[in-house]
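As a plain string of letters, each chain reads:
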Amino acid sequence: MERAGTTPCLLKSKQIEEDFPYLSFPVDSSAILDNMGGHISPRKLVSAHQMAASLAGCQIIHDVVSKVVSFDGYITIETEQKRSISAKKVLIATGGFTPFRHLLPDGFKLDLKMKTSTILKFELNDKEVERLSSMPVVIPYVFSASHQTAKHRSYILPPIKYPNGKWYLKLGLGNGPVQEFTLDNEDDITRWYQGTGSAFIAHQLYDAMLNIMPGLKYENLESDSCMTTHTKSGKCCIDMVTRNLGIAVGGNGHAAKMSDELGHIAARMILKGTWDYDVQGQQFQAAYKIQAKM
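What you are looking at is a predicted structure, and each value in this text was computed from that prediction instead of being measured. Every residue gets a number counted from 1 within its own chain, in the order that chain's sequence is written. For this predicted model, a pLDDT threshold of at least 70 governs which residues receive local features, and a threshold of 80 or more governs which side-chain atom pairs are given and counted, while totals over whole chains, interfaces and linings are taken from all residues. To obtain the side-chain values, all non-hydrogen atoms of the structure were used and water was disregarded.

Student: Is there a simple way to explain the sheet that holds strand β4 (residues 74–79) in this structure?
Tutor: Two orientations exist for strands paired in a sheet by backbone hydrogen bonds: parallel and antiparallel. Spatially, the three strands line up as an open sheet ordered β3-β4-β5, and their pairing is antiparallel. Strand pairing shows two members of the sheet lacking a second neighbour, β3 (65–71) and β5 (84–87), which therefore form its edges. When the angles between neighbouring strand axes are averaged without regard to direction, this sheet yields 20°. Of the pairings in the sheet, the one linking β3 to β4 comprises six bridges and is antiparallel in character. Considered in β4, the bridge of V68 is made with I77. Think of it this way: DSSP has to see at least two bridges between two strands before they count as a pair. Working definition: helices are DSSP H or I runs of at least four residues, strands are E runs of at least two. Numbering for both runs from the N terminus. Lines fitted to C-alpha atoms define the axes, with helix axes restricted to the stretch in contact, and inter-axis angles between N-to-C directions lie between 0 and 180 degrees.

Student: Just checking my understanding: could you explain the sheet that holds strand β6 (residues 90–92) for this structure?
Tutor: Overall, mixed pairing links the three strands, which are arranged β6-β15-β14 in an open sheet. The outermost strands of the open sheet, each flanked by one partner alone, are β6 and β14 (237–242). Going across the sheet, the axis of each strand differs from the next one's by a mean of 25°, ignoring polarity. As paired elements, β14 and strand β15 (residues 245–249) share five bridges and run antiparallel to each other. Each bridged residue has a counterpart across the sheet, and for I238 the counterpart in β15 is A248. Helix-sheet contacts for helix α6 (residues 259–272) involve β6, β14 and β15, and the interaxial angle to β14 is about 20°. Contacts were defined at the residue level, with two residues in contact if any of their heavy atoms lie within 4.5 Å.

Student: Would you take a moment to explain the packing of aromatic side chains for this structure?
Tutor: Aromatic ring pairs are reported here in terms of the distance separating the ring centres and the angle at which the planes meet. Two rings belonging to Phe, Tyr or Trp (six-membered ring only in the last case) form a pair when the distance between their centres is within 6.5 Å. Interplanar angles under 30 degrees mark stacking, angles over 60 mark edge-to-face geometry, and anything in between is tilted. Tallied over the entire structure, the rule returns nine aromatic pairs. Taking 6.3 Å as the distance between ring centres and 15° as the angle between the ring planes, the aromatic pair formed by F122 and Y206 counts as stacked. Remark: Y206 occurs in helix α5 (residues 199–212) and F122 occurs in strand β8 (residues 112–124); sequence separation between them is 84 residues. Residue Y206 is classed as partly exposed on the basis of its relative accessible area, which comes to 24%. Of the aromatic side chains, those joined through ring pairs into one cluster are F122, Y206 and Y218. One residue, K121, lies across the ring of Y168, its end atom 4.9 Å from the ring centre. Between buried and exposed lies partly exposed: a residue is buried under 20% and exposed over 50% of the maximum accessible area for its type, with that area taken using a 1.4 Å probe on protein chains only. Placement of a charge over a ring requires the Lys NZ or Arg CZ to be within 6 Å of the ring centre, with the centre-to-atom vector within 35 degrees of the ring normal.

Student: For this particular structure, what's the right way to read the environment of E222?
Tutor: Relative to the elements of secondary structure, E222 occurs in strand β13 (residues 220–231). Judged by relative accessible area, E222 falls into the partly exposed class, the value being 26%. For the pair E222 and R101, spaced 121 residues apart in the sequence, the C-alpha separation amounts to 32 Å. There is a polar contact of 3.2 Å between the side chain of E222 and the side chain of Y168. Under this definition, polar contacts are N or O atom pairs within 3.5 Å; protein pairs additionally need one hydrogen-donor-capable and one acceptor-capable atom, and for neighbouring residues in sequence, both atoms have to be side-chain atoms.

Student: I would appreciate a short explanation of the pairing of β15 in the present structure.
Tutor: Across a regular strand the side chains alternate sides, sitting on one face of the sheet and then on the other. Counting buried positions along β15 gives five out of five residues, so the element sits mostly inside the fold. Relative to β15, β6 runs parallel, the two being bridged by three bridges. The residue of β15 that forms the bridge with V90 is L245. Where β14 folds back on β15, the antiparallel hairpin that results is connected by two residues.

Right under this line is the structure:
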């Protein structure tokens, strides 16, 4: 981080209280303040990626892929709107839906787990938004009694204006032992996304928020659902499946912040047809539940 021109600051509990009076932590707490930190808007991130792709000459097709078939050196992509697209090379980056569509060759089944995630959104009025205007992204860690390992962590985003014009403070759980359940098929994923998450986890999140921000004043409270895709290694799978079909799947709950570079790695790989980066590719190799012999 020093090479990037910033040095994180270590804050003790008294300074945390002075600098961020709306936060409340135990008296023996410490914090690392990163002045270069921030948050990502998923909507703006996708829009920016699509704009960059368009400027580079890509054609963006708004459709859902139902099947990918390899034949005679080419790959055919079939969609729900009955399109048929042929390509010399294809990169699959379809997240948690990958195992439930016919996207990989017969006999290949990635070893993935799709885990549910519940978030809380606290709707704020203009006065509360102004009071919290200096709030950074907060990632609290709760450690074991020995302080050797983190038992769990959460994240709180500062007030963000959503497309509906309302301001929300968002709270969610990070990776750790507090997990909900896995999603085993596309119907389960669809039902989960159409719902409002787990009431049990939402209650835990609400209690955590009251402990961290006891003075928070909110107008309305909403829970929502999300999903994360996890690999066996804990790292994103960026690998060639066949000589002209590659994958970039499995963010393990923290890939958004690295998506630009992960995409760069995957793009270099699919263009060359093999690993082409200055980090060893073995750690990104795909793990399969079933793998056919090619």
